[in-house]
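Notes for the structure review
Spelled out, the chains give:
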Amino acid sequence: MSEQGFTTKIVHSDHLLELEYGAIHAPIHNSVPYGFQDVQGLIDVFQGTKPGHAYARSSTPTIDALQHKIKQMDNGIATLVFSCGMSAIVTTFLTLLKTGDHLICSHYLFGNTRSMIGTLQGYGIEVTFVDSTDIEQVKAAQQPNTRMLFVETIANPATQISALDEIGDFCEAQGLVYIVDNTLTSSYLFDAIKVKASLIITSLSKYVAGHGNALGGSVTDTGLFDWQTYPNIFEAYRTGDSKMWGIGQIKKKGLRDMGACISSQTAHLISVGSETMELRMQRQCKNAGILAEFLAQHPKVAKVYYPGLKDHPQHQRAKRLFKHFGAMLSFDLIEGEDCCELLNKLKLVISATHLGDNRTLALPVAPTIYHEMGLETRQKMGISETMVRCSIGIENTADLIADFEQALA
Ligand SMILES: *Cc1c(COP(=O)(O)O)cnc(C)c1O
């Protein structure tokens, strides 16, 4: 049989595992401890010689089922799920980096990730921020102690797209761990293995769940990185298949020791949401594209940031790498217009943070997600004081256009 399609794999993922009482959705297991008739079973799980569960901080059958789904979406060899996207990111860094290591990082980053990397710098991890849309800047940042490279696919809020494929070639040649935060595209729009990512991180709270009722994050190992060459794998985890050393250490040090675990209840909510991701994203991306064209020709709009527009600086790159152009767009109003006034006039679109919800959400960028940085940094980063960021939902297209049309009138 040929490789199944994205949604086919996801909706049949649970029932192709072991069916418990015929339940075609993996049941929610709330038990924290797992008991064994023969104590050898407990010993085997502790020592990792047999699969199984011992304690819910490390795993439960429900969390396993979600991990299996995400692994299939990402086409990886193993996936771990965490309490949210931030915990997936921070535990990966804390597990794989040591004081004195160097990290190259895009400077177009999700604000909380940027803030967390400031904390890493306080622990003596060296970081160079680069314009990751330009491979030459990435290459120039390499040092003898560089271990890792971290980028996002579509940056929030101004939609820059990193040189994802060229960075992958560079990391492969230099033996660097290449981490891609795939949240804004998701594995449906962007197959990060094609650009040789080592680890794919996704905030499941966004497009994967889609319903805005659960927080979660994931780390998938693509199997492409040779962990035998990585100096920071502890001796205790240098056993068995070396492809699993990285994710094994993230599980033990990150999930078990740091405890950023998801609950079975939440894992179930995300599993259910994920089944419709392709359908939702198709609609959301289509809506975003039409709205971007509408806004681009509106006299009160100075600039639209959307990778699907032909004048977007990385439009060709997006077209080459992504299935669609994403469902987040931003725009600047012309001078003299007040973006908060506009947001208050929108009747359908809700003023709220968050991305990937079924509903269209919008926020004023400067006084919210870029408030902490101050005016000077915003100006340096090209964030205007009238910028609005929109996460486009699954509403009927005409209703969305009508709402923006009346609010801008
Ligand atoms: C939202 C987001 C995160 C953090 O995810 P949470 O689940 O909210 O913790 C990380 N990266 C990107 C690109 C995001 O949009």
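This structure is a prediction, so every number in the text was calculated from the model and none was measured.

Time to look at the UniProt feature "transmembrane region" (unreviewed entry) in the chain. In this numbering, the UniProt entry assigns the feature "transmembrane region" (unreviewed entry) to residues 77-97. Taken end to end, residues 77-97 comprises 57% helix and 24% strand; its first and last C-alpha atoms sit 22 Å apart.

A word on the packing of helix H4 (residues 85-96) against helix H5 (residues 111-122). Two measures define how a pair of helices packs: the angle their axes make with one another and the distance between the axes. In the contact formed by H4 and H5, the axes pass within 11 Å of each other and the chain directions differ by 25°. The pairing of H4 with H5 is recorded here as roughly parallel in orientation. Pair H4 / H5 crosses with right-handed handedness. Only Asn 112, Thr 113, Met 116, Ile 117 and Leu 120 of H5 make contact with H4, whose side of the interface consists of Met 86, Ile 89, Val 90, Phe 93 and Leu 94. Within the contact of H4 with H5, the residues separate by chemical class into eight nonpolar, two polar and no charged.

When the domains of the chain are assigned, the result is domain 1 (6-274) and domain 2 (278-408). Centre-to-centre, using C-alpha coordinates, domain 1 lies 28 Å away from domain 2. With 36 residues of domain 1 at the interface, the matching set in domain 2 holds 35 residues. Taken together, the two surfaces of domain 1 and domain 2 that pack against each other cover about 3,000 Å², and 59% of this comes from carbon and sulfur. The tally of links from domain 1 across to domain 2 stands at two salt bridges. A salt bridge links Asp 165 to Arg 320, with the nearest nitrogen and oxygen atoms 2.8 Å apart. There are 17 residue pairs in polar contact (both at pLDDT 80 or more) connecting domain 1 and domain 2.

Next up on the list: unusual backbone geometry. Residue Pro 157 follows Asn 156 across a cis peptide bond; omega there is 10°. Mapped onto the elements, Pro 157 comes out in the loop between strand S4 (146-152) and helix H7 (164-174). One non-glycine residue with positive phi stands out, namely Tyr 21, at about 50°. Its place among the elements puts Tyr 21 in the loop between helix H1 (6-11) and helix H2 (39-47). At His 354, a position not held by glycine, the phi torsion is positive, near 100°.

Residues Leu 149, Leu 164, Ile 167 and Tyr 178 are the most contacted members of the largest nonpolar core, which totals 49 residues. Residues lining this core come from more than one domain, with at least three contributed by each of domain 1 (6-274) and domain 2 (278-408). Those residues in contact with Tyr 178, other than ones at most four positions away along the chain, are Leu 149, Val 151, Leu 164, Ile 167, Gly 168, Cys 171, Val 195, Lys 196, Ala 197, Ser 198 and Leu 199. Formed by 33 residues, the second largest nonpolar core is a distinct cluster that contains Met 148, Ile 201, Trp 227 and Trp 245.

The rules behind each value
Residues numbered from 1 in each chain as written. Predicted model: local features only at pLDDT ≥ 70, side-chain atom pairs only at ≥ 80, totals over all residues. Heavy atoms only, no water. UniProt positions renumbered as here; feature names shortened; annotations may be inferred. Helix = DSSP H or I, 4+ residues; strand = E, 2+ residues; numbered from the N terminus. Axes fitted to C-alpha atoms, helices over the stretch in contact; angles between N-to-C directions. Parallel < 35°, antiparallel > 145°, perpendicular 65-115°, else oblique. Left-handed = near helix turned anticlockwise from the far one by under 90°. Contact = heavy atoms within 4.5 Å. Nonpolar A, V, L, I, M, F, W, Y, C, P; charged D, E, K, R; others polar. Domains from an automatic or database assignment. Buried area = accessible area lost by both parts, 1.4 Å probe. Salt bridge = Lys/Arg side-chain N within 4 Å of Asp/Glu carboxyl O. Polar contact = N/O pair within 3.5 Å; in protein donor to acceptor, adjacent residues only side chain to side chain. Core = buried A, V, L, I, M, F, W, Y, C linked by side-chain atoms within 4.5 Å. Buried < 20%, exposed > 50% of the residue type's maximum accessible area, 1.4 Å probe, protein only.

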